[in-house]
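Structural overview for review
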Protein chains: 2
Amino acid sequence: MSVGFQDKTVAPGGPGMAPLNPVEVEVIHLFVQFSRALGQPRSVAEIYGLLFISHRPLPMNELIGRLELSKGSASQGLRYLQDLGAARTVYVAGDRRTHYEAVAELRNLAGRFLRQQILTHFQDSGARLAHITTQVEKLPGEERKHAIGRVKMLRSWEKNAKRMLPLVLRILGNGR
Amino acid sequence: MSVGFQDKTVAPGGPGMAPLNPVEVEVIHLFVQFSRALGQPRSVAEIYGLLFISHRPLPMNELIGRLELSKGSASQGLRYLQDLGAARTVYVAGDRRTHYEAVAELRNLAGRFLRQQILTHFQDSGARLAHITTQVEKLPGEERKHAIGRVKMLRSWEKNAKRMLPLVLRILGNGR
DNA sequence: CAATTTGTTCAATAAAAAATGAACAAAAAA
DNA sequence: TTTTTTGTTCATTTTTTATTGAACAAATTG
């Protein structure tokens with residue numbers, strides 16, 4: 001089918017591209033819902049969902065065609081998933097395109113995701129808390145008393161959050 | 001100070017409004033960071049942060065002035081926090097304005113937040129999974145085999161997530 | 001009563017996040 | 001070599017989300 005010229009950003013389930021079957025639709029929907037709860041972009045969830053349910057590795061090309069994504073979204077989404085360890089590349093003999101498959105080990109996945117989220121958002125919260133602890137002493141009487149209690153509370157919250165992480169990961173790990 | 005006429009949407013730390021002290025600034029910053037990780041709006045985090053560290057209940061008025069919020073944001077943010085159980089109203093004698101204080105019991109807070117997030121986003125995921133389970137049987141050989149495994153995996157993930165919730169809440173509860 | 005304060009609602013606007021697609025580069029095929 | 005395929009990057013556009021502030025209502029004060 002070599003008519004040449006135009007860029008092949010193939011249409012929805014376009015030329016020679018199977019439309020999504022009911023199971024694929026439902027599974028993708030599930031991941032999209034999940035992604036909303038986690039604040040991840042829909043396109044990434046769609047890509048992961050399709051890779052997850054697909055019985056063979058897929059090239060970017062096919063993700064674009066069947067999910068109606070732009071090249072840009074597909075490329076960026078795949079990179080994001082790879083960085084997260086949620087997708088990996090697969091060599092397919094006789095096809096020069098890179099193929100992708102889902103990595104489905106929940107333990108690693110969740111672990112990396114949590115770490116990424118937590119590290120980017122909480123980086124220096126420990127240092128900040130320490131700093132606040134000293135600043136609090138400079139407050140006038142009334143306020144100081146209350147503030148000291150609150151800062152203690154914050155530190156306790158932080159401690160519990162840290163205690164929780166490994167536990168959460170262990171439970172998730174049970175699911176393989 | 002009754003010159004009349006203009007709406008009192010008071011300026012930053014405006015007339016007769018104490019600017020935020022260093023401790024308040026830092027604590028608010030902490031909550032704002034936290035809110036980003038959880039995908040909550042900044043204004044809500046600011047309100048909660050100031051209520052949390054303040055040693056006395058505050059009227060909406062003061063939140064607007066010291067945090068430089070619009071009336072709308074303040075009103076909506078406070079309602080959101082109340083619905084979540086993260087803030088409550090307090091009666092202050094001789095002042096007709098409603099005053100607010102932070103509710104700092106992490107167990108309830110986290111519990112309600114998780115429930116809210118999960119219920120709104122996952123509502124019918126159980127039913128969906130059941131439906132997928134039946135649909136999978138209609139797939140052609142190759143695909144069916146793989147899909148059955150994946151669906152089993154999804155069900156296992158769901159089970160683990162459910163197991164985890166009470167545990168997480170229990171640990172958080174230890175912090176009072 | 002009229003004037004003022006307190007607070008809510010919601011259409012309009014601003015800000016942030018995600019998706020697009022054109023421009024480009026590298027590798028492979030013809 | 002030229003052409004085509006495969007893929008990345010990033011400025012622009014679209015979509016989504018959050019904030020604003022004007023209009024309004026209810027309660028309070030004088």
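Refer to the structure presented above.
Residues numbered from 1 in each chain as written. Chains lettered and ligands numbered in written order. Predicted model: local features only at pLDDT ≥ 70, side-chain atom pairs only at ≥ 80, totals over all residues. Heavy atoms only, no water.

1. Considerations on the sheet that holds strand E3 (residues 99–102) of chain B
All names here are of chain B. What the three strands build is an open sheet, ordered E1-E3-E2; its pairing is antiparallel. The open sheet has two edge strands with one neighbour each: strand E1 (58–59) and strand E2 (87–90). In this sheet, E3 lies alongside E2 in antiparallel orientation, the contact comprising four bridges. Each residue of the ladder has a partner; that of valine 90, found in E3, is histidine 99. (Pairing = 2+ DSSP bridges. Helix = DSSP H or I, 4+ residues; strand = E, 2+ residues; numbered from the N terminus.)

2. Quick word on the protein's contact with DNA strand D
Taken together, the neighbourhood of DNA strand D is formed by 19 residues, with A:Ser75, A:Gln76, A:Arg79, A:Thr98 and B:Ser43 sitting nearest. Within the side chain of A:Ser75, a nitrogen or oxygen atom sits 2.7 Å from a phosphate oxygen of DNA strand D. Secondary-structure elements contributing two or more residues to the surface near DNA strand D are helix H4 (71–84) of chain A together with helix H2 (42–53) and helix H4 (71–84) of chain B. Sorting elements by how many residues they give to the surface near DNA strand D places H4(A) first, with five residues. Across the surface near DNA strand D, the residue classes break down as two nonpolar, nine polar and eight charged. (Near = heavy atom within 4 Å. Polar contact = N/O pair within 3.5 Å; in protein donor to acceptor, adjacent residues only side chain to side chain. Nonpolar A, V, L, I, M, F, W, Y, C, P; charged D, E, K, R; others polar.)

3. Regarding the interface of chain B and chain A
With 50 residues of chain B in contact, the opposing surface of chain A contributes 50 residues. Summing both partners gives a buried area of about 4,900 Å² for chain B against chain A, and 69% of it is carried by carbon and sulfur. Where chain B packs against chain A, one counts two salt bridges. In this structure, A:Glu26 and B:Arg128 form a salt bridge, with 2.9 Å as the shortest nitrogen-oxygen distance. Of all the elements in the fold, those that place two or more residues in the side of chain B that touches chain A are helix H1 (22–38), H2, helix H5 (106–122), helix H6 (125–136) and helix H7 (141–174) of chain B. (Contact = heavy atoms within 4.5 Å. Buried area = accessible area lost by both parts, 1.4 Å probe. Salt bridge = Lys/Arg side-chain N within 4 Å of Asp/Glu carboxyl O.)

4. A short note on the packing of helix H3 (residues 60–67) of chain A against H4(A)
Residue and element names in this part refer to chain A. Their axes nearest at 10 Å, the elements H3 and H4 cross at an angle of 125°. One finds that H3 runs oblique with respect to H4. As H3 packs across H4, the resulting crossing turns out to be right-handed. Counting all contacts with H3, which are made through Met60, Leu63 and Ile64, the residues of H4 involved are Lys71, Ala74, Ser75 and Leu78. By residue class, the composition of the contact of H3 with H4 is five nonpolar, one polar and one charged. (Axes fitted to C-alpha atoms, helices over the stretch in contact; angles between N-to-C directions. Parallel < 35°, antiparallel > 145°, perpendicular 65-115°, else oblique. Left-handed = near helix turned anticlockwise from the far one by under 90°.)

In short, the description is geometric, and any link to function would need to be established separately.
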